[in-house]
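Overview (structure and organization)
In case you want the letters, here they are:
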Amino acid sequence: MYLSHPNELSNLLPGQPRYRVDQLRRWLYVNPVLDPEQMTNLPLDLRAGIGLWPFGVEAERVGDGGRTTKWLFRTPDGAAIETVLIGYNDRATVCISSQAGCALGCTFCATGQFGFERHLEPGEIVAQVAYARAHLRTVGMPGVPDRVTNVVFMGMGEPLVNYDRVREAIRRMVEEMHMSARSLTVSTVGIVPGIRRLTEDPWPVNLAVSLHAADDDLRTSLVPINARYPLDAIEEAAAAYFEAKGRRVSLEWTLMDGVNDSDEQADRLALIARRLRAHVNVIAMNPTPLSELAPSHRVDGFLDRLRKAGVNATRRVNRGTEIDAACGQLRASVPLKGI
């Protein structure tokens, strides 16, 4: 159902009156359920014929006392999709994937180590949010609201490389699921043409730039696409986004031992952050199976140096480490079925 455009659902329900199509549309986007049998205002025979999800659940892991759940979904063509639902006292954030795999080859990222499978379709992207919504309403998390409050495109893949499909997914979240654009965050390693397109689109989503290094030589060694879109170009595009949308840009920094955790890198990052009036999120690297890079133990010192330089910076807490919650990790630990 999610693979069809919302305006074309009537094609899947031939002979059904318009109000039935509207009822189904609400079940898909406003009040999603895990099983069509829960669509209580639809006739039983109609529910029996609904193929709801564009993927199956291959693995589900729960951690952090029930407040982090990670799913490994598998599509009929064998593509792997990872989604993480993270609960807090006042909010529930779902981290979604925009691609199966990733072609950018960032050296510290588990997803990039497995290469690129394909782009995800808009319905496959939106269905991750709907599944998390349905899970919260049906299963729930202890002490967590029963609704998805925030969506972050920080799972598998580079969203701005899959721009048209991601754009349609954002449109559905805002117009069909009635989410505020301000509750959505698109994270990019710095695909400058995509940032420019996002600037021109109507929705004031949050922009997060995965920076990880504050000079081009180091950044290119960690994020190879930096050779095409260097730091100056990324900063210019991010500044234009801030001016157009009035939304503060965030800079993401995965701290790696002996790589990007020096005082010099902190000082260079502070200069960029101050120019952009950006917020900096620092997180210790999640170890990945095919990388020799290791987490830094200098998070507090790195943050302290940024703050002394006048930067608004916070530490992102690693959630779900015991369930391989970082993108690409669950896929690495679960044997593929039927492939």
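Residues numbered from 1 in each chain as written. Predicted model: local features only at pLDDT ≥ 70, side-chain atom pairs only at ≥ 80, totals over all residues. Heavy atoms only, no water.

Comments concerning empty space enclosed by the protein
The line we're drawing: Detection works on a 1 Å grid of protein atoms alone, calling trapped sets that fit a 1.4 Å probe cavities and calling open sets with protein on both sides within 12 Å along at least five of seven lines pockets, with lining residues defined by an atom within 4 Å of a point. Grid points are joined across faces, edges and corners, and a volume is the space filled by probe spheres set on the points. Under the scheme used here, helices are H or I runs from DSSP no shorter than 4 residues and strands are E runs no shorter than 2 residues, and both carry numbers assigned from the N terminus. Charged means Asp, Glu, Lys or Arg here, nonpolar means Ala, Val, Leu, Ile, Met, Phe, Trp, Tyr, Cys or Pro, and polar covers whatever is left, Gly included.
Using the criterion set out here, one finds two cavities of 30 Å³ or more in the structure. Taken as a whole, the largest cavity holds about 50 Å³ of empty space. Around the largest cavity, the lining residues are V209, L211, L231, I234, E235, A238, L251, I272 and L276. Put simply, the parts of the chain that give the lining of the largest cavity at least two residues each are α7 (231–245) and α8 (263–276). Counting residues per element, the lining of the largest cavity draws most heavily on α7, at four residues. In this model, the second largest cavity occupies a volume close to 40 Å³. Lining of the second largest cavity is provided by L160, Y163, V166, R167, I170, V186, L198 and D201. The leading source of residues in the lining of the second largest cavity is helix α4 (residues 163–175), at four residues. When its residues are assigned to classes, the lining of the second largest cavity shows six nonpolar, no polar and two charged.

Looking at the state of the cysteines
As a reminder of what qualifies: Pairs of cysteine sulfur atoms within 2.5 Å are what we label disulfides.
Per the counting criterion, the structure on display carries zero disulfides. With no disulfide of its own, C106 has C109 as its nearest cysteine by sulfur position, at a separation of 6.2 Å.

Remarks on the side chain of T75
Using the following cut-off: Contact between two residues is taken to exist if any of their heavy atoms lie within 4.5 Å; hydrogens are not considered.
When you line up the elements, T75 lands in the loop between β2 (68–74) and β3 (80–87). Ignoring sequence-local partners within four residues, the contact set of T75 consists of P54, F55, I81, R118 and E124.

Topic: the side chain of R25
For the record, the criterion: Remark: exposure states derive from per-residue accessible area (1.4 Å probe, protein chains only) relative to the maximum for the residue type, with buried under 20%, exposed over 50%, and partly exposed in between. We define a polar contact as two N or O atoms separated by no more than 3.5 Å, with the added condition that, inside protein, one atom must be a possible hydrogen donor and the other a possible acceptor, whereas residues neighbouring each other in sequence contribute only through side-chain atom pairs.
Looking at the element boundaries, R25 is found in helix α1 (residues 18–29). For R25, a relative accessible area of 18% corresponds to the buried category. Polar side-chain contacts of R25 include one of 2.9 Å to the side chain of N7. Ignoring sequence-local partners within four residues, the contact set of R25 consists of P6, N7, L9, R18, V30 and E176.

So yeah, pure geometry; function would need other evidence.
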